[in-house]
Amino acid sequence: MVGLPYDCLANPLGAVRLTFEKAVGPGSDPAALDGKDWGAADLFRQFLFDDGGLSQVPLLNPSTIKWVMPNTLVRFRGMIQDMLGNEYYVGAYKDGDKWRTNKFADVSQCPVDASSDMRIWERRLLYCVPVPGQNSWVEPSHEAMNNVYANSISPQREKRQREDDATMTDVDMVEAGHHALEDSPNFKKMRDEGMAPEPSNLQKVATEGNSSNSSLVPVDRNSFPCLVKIYDSSEPDMKLNDVFEFVGVFTFDPDLTIGRDDNDELTENFCEDASVSLPPTKVPRLHCVVHRKLGFGDFLRSPQLELTPCAIKEVREALLGHLTAVLGNDRVAAQYVLLHLLSRVHARVDSIAVGKLSLNLTCFNKESASVFGNNLKRAIENLLPFTERLPLTIDYLNTVSLAPKKDYSTNRLVSGILQLAEGSHLTIDETPLQSGTLNSTGVENARILKNMMESQKVEYDFTYYKMEMAADVQLLILSEGKSNILPADLILPFHPSSVDSTLGVDDEMLKSWRWYLATMKSLCHSIESHMQKVVEDDLVAARQADRSLGSQEFSRWLTMGRLMSISFGETCLSMEHWQMVKELERLRKERL
């Protein structure tokens, strides 16, 4: 046979099986593989990254799920919305004199004729959703994804799939005998430790490759979840609200059922469908073989531009000109918005989030917000991958759930409006706000918003206690006067002088601006010793001139100096950029 005996894209489980057979020879004990990879992950990494296979892997979303075949390799990009703990499963079992594996498959059962030899392994369960506020330009076109799928299924792959279907008894599972489970050394150990479930509760699950996705319950494109199963991964490399790309085996079977005794709590460790109430007809599964954390730049489809000072300056000036037009020819506001869009939390010192720069544009009313506010909203959506807008009213504050809350009846974390991915942008429109009375929910929501503005932290409600979770969200407030609810880092009265009705921008220019924002945001920055002395002297002079100035103002100026430098692609603060910050602040204070 010419070529590889398996296809990583169309038959990933065949690749897993054959690498396992190579790792576990006759007479060897698979106990050495507990919690470890035996080379399968390396094989997929080579296919995906070294051999350029990643571009061939379909992206799982509401459009592609209609034609993606079960037990093939797919990608899912999303935010970790909830971490559901660990699940036990029969990872390896002995069939006659040969060891076989169930890894990367929806299997928790031994075959009828298997011996009592088996290994119980663990996998982590992550409930992932599309990144909140993800804008449409981030996603590949339907045509592009259809081309990926068409190119990935070649006649040779179809032949290999049929050949492999004939030998998939290696991973197909049927109901196990009660005696085989009872006599298993691993189960005896778990039973002695009080961990073993009743074997009768471990039900058989789906067969390979022939299930249809037609009965998948339709879901909204912005609420398309995926249950991701993680293998051999350490805890610190993933946390709540991180954005990841998961590549793995897609499984879907509308007939999959889990039977269990409701009184048997331990069985829930094996029967995750029952324990987390996520039926496979509504939530697809992905058995992850490779994952990577995604940043702003990973969502840009355009090739990177040449990183030269001249190119950066040209892109910066073009973007600043666009923002100026969007903001009614208010160049001062445009410069502050540019610094705001480049801001991020790059360090935390005690309770201070270093690097944040929230902005409150005042002098808005309902009419101007409908024009300039909407123009700015569209501009930001075209520049950043994740953007949300929150209309602030008394009724909204009194009824909405801003912070996530734990639901112990389902053992699930119910998402809130402020459960956002790192680097998200949130525009809060305060212009509809009128006088009224806040109830207890409204008071709590106002406090949550204020805390997020000040410390970039969101309190998650676990009923019996609350836990602060770090955030990194750019916050922009549009209001008539200075917001009394949301204390922004900067207050700037908005002074438009014209309305530009022609704000169209070509795609190539948008791509360059997105690249610019992503690349400049990621730059490291420092202040050299001679500039430290200049800054210190200026801060002392400012303090002597205005005794009301404190550490918050000084910290904000340093943040603005950093952002001004990186907006020009510089990693060290220069005298020129420091003077630009001082002049910008002078112009702002003239408006107050």
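Residues numbered from 1 in each chain as written. Predicted model: local features only at pLDDT ≥ 70, side-chain atom pairs only at ≥ 80, totals over all residues. Heavy atoms only, no water.

Details of the overall build of the protein chain
Looking only at helices and strands, the protein chain has 16 helices and 17 strands in total. Counting every position in the protein chain, which comprises 592 residues, the buried fraction comes to 52%. When contacts within the protein chain are restricted to residue pairs at least 6 apart in sequence, long-range pairs at least 24 apart make up 80% of them. (Helix = DSSP H or I, 4+ residues; strand = E, 2+ residues; numbered from the N terminus. Buried < 20%, exposed > 50% of the residue type's maximum accessible area, 1.4 Å probe, protein only. Contact = heavy atoms within 4.5 Å.)

Some remarks on the confidence of the model for the protein chain
Averaged over all residues, the pLDDT of the protein chain is 81; the fraction at 70 or higher stands at 77%. Element-level mean pLDDT values for the protein chain span from 39 in helix α5 (residues 178-182) up to 98 in helix α9 (residues 331-342). In this model, residues 142-221 is a region of pLDDT below 50 whose contacts with residues beyond four sequence positions or in other chains number 171 contacts. A low-confidence stretch, residues 271-275 stays under pLDDT 50, and its non-local contacts, those more than four residues away or across chains, total 17 contacts. (pLDDT = per-residue confidence, 0-100.)

Overview of the packing of helix α8 (residues 309-326) against helix α13 (residues 507-521)
Remark: α8 packs on α13, axes separated minimally by 10 Å, with the N-to-C direction vectors making an angle of 110 degrees. Between α8 and α13, the angle is such that the two are roughly perpendicular. The hand of the α8/α13 crossing is left-handed. Touching I312, V315, R316, A318, L319 and H322 of α8 are M509, S512, W513, Y516, L517 and M520, all from α13. Class assignment for the residues of the contact of α8 with α13 results in 9 nonpolar, 2 polar and 1 charged. (Axes fitted to C-alpha atoms, helices over the stretch in contact; angles between N-to-C directions. Parallel < 35°, antiparallel > 145°, perpendicular 65-115°, else oblique. Left-handed = near helix turned anticlockwise from the far one by under 90°. Nonpolar A, V, L, I, M, F, W, Y, C, P; charged D, E, K, R; others polar.)

Comments concerning the nonpolar core
Within soluble globular proteins, side chains that are nonpolar generally end up buried alongside one another. Formed by 65 residues in total, the largest nonpolar core has its most connected members in L361, L383, Y516 and L517. The element contributing the most residues to this core is α9, with 9 residues. Apart from the residues lying within four places of it in its own chain, the contact partners of L517 are F296, L319, L338, L341, L342, L383 and L384. Grouped together as the second largest cluster of nonpolar side chains are 49 residues, F224, L397, F462 and A488 included. (Core = buried A, V, L, I, M, F, W, Y, C linked by side-chain atoms within 4.5 Å.)

Examining helix α16 (residues 575-591)
Under the 1.5 Å per step criterion, the end-to-end length of α16 is 25 Å for 17 residues, consistent within 8% with the ideal 24 Å. By the burial criterion, the buried members of α16 are H577, W578, V581, L584, E585 and R588. One face of α16 carries all of its buried residues, which in axial projection span an arc of 120 degrees. Summarising the geometry of α16, the exposed residues directed more than 90 degrees from the buried face are E576 and E590. In this structure, the buried residues of α16 make contact with α9, β17 (490-493), α14 (529-545) and α15 (551-567). (Expected span 1.5 Å × (residues − 1). Arc of directions from axis to C-beta.)

Details of the sheet that holds strand β10 (residues 387-391)
Pairing in this open sheet of 5 strands is parallel, and the strands run β10-β13-β16-β9-β17 from one edge to the other. The sheet is open, and its two borders are formed by β10 and β17, each paired with just one other strand. Neighbour to neighbour, the strand axes of the sheet diverge by 20 degrees on average, direction disregarded. (Pairing = 2+ DSSP bridges.)

Let's talk about the pairing of strand β16 (residues 473-478)
A large share of β16 lies buried, amounting to 6 of its 6 residues. Side chains of β16 alternate between two faces, with V473, L475 and I477 and Q474, L476 and L478 buried alike. In this sheet, β16 lies alongside strand β9 (residues 359-362) in parallel orientation, the contact comprising 3 bridges. Residue L361 lies in a different strand from β16, and its bridge partner there is L478. Of the pairings in the sheet, the one linking strand β13 (residues 424-429) to β16 comprises 6 bridges and is parallel in character. Looking across to β16, one finds that D429 is bridged to L478.

Overview of the packing of α14 against α16
In a packed pair of helices, the relevant descriptors are the angle between the two axes and the axis-to-axis distance. Where α14 meets α16, the closest approach of the two axes is 11 Å, and the angle between their N-to-C directions is 20 degrees. With respect to α16, the axis of α14 lies roughly parallel. Handedness of the crossing formed by α14 with α16: right-handed. Only M575, W578 and K582 of α16 make contact with α14, whose side of the interface consists of M531, V534, V535 and D538. Broken down by class, the residue content of the contact of α14 with α16 amounts to 5 nonpolar, no polar and 2 charged.

Notes on unusual backbone geometry
Even without a glycine there, the phi angle at Q456 is positive, about 55 degrees. Among the structural elements, Q456 can be located in the loop between α12 (440-455) and β14 (457-461). Overall, the relative accessible area of 3% leaves Q456 in the buried class.

Focus on the layout of surface pockets
Put simply, the largest pocket is a space of about 730 Å³. Together, 24 residues line the largest pocket, and K356, A488, D489, Q552 and E553 are the ones closest to its centre. At the level of secondary structure, the elements contributing two or more residues to the lining of the largest pocket comprise β8 (352-354), α12, α15 and α16. A per-element tally of the lining of the largest pocket places α15 first, with 6 residues. Its residues assigned to classes, the lining of the largest pocket shows 10 nonpolar, 6 polar and 8 charged. (1 Å grid on protein atoms, 1.4 Å probe; cavity = no way out; pocket = protein on both sides within 12 Å on 5 of 7 lines; lining within 4 Å. Points joined across faces, edges and corners; volume = space filled by probe spheres on them.)

A few points about the packing of aromatic side chains
Under the counting rule described, the total for this entry stands at 13 aromatic pairs. The lysine or arginine in question, R123, covers the ring of Y89, its NZ or CZ lying 4.1 Å from the ring centre. Over the ring of W137 we find R514; its NZ or CZ atom is 3.8 Å from the centre of that ring. (Phe/Tyr/Trp six-rings, centres within 6.5 Å; stacked < 30°, edge-to-face > 60°. Lys NZ or Arg CZ within 6 Å of the ring centre and 35° of its normal.)

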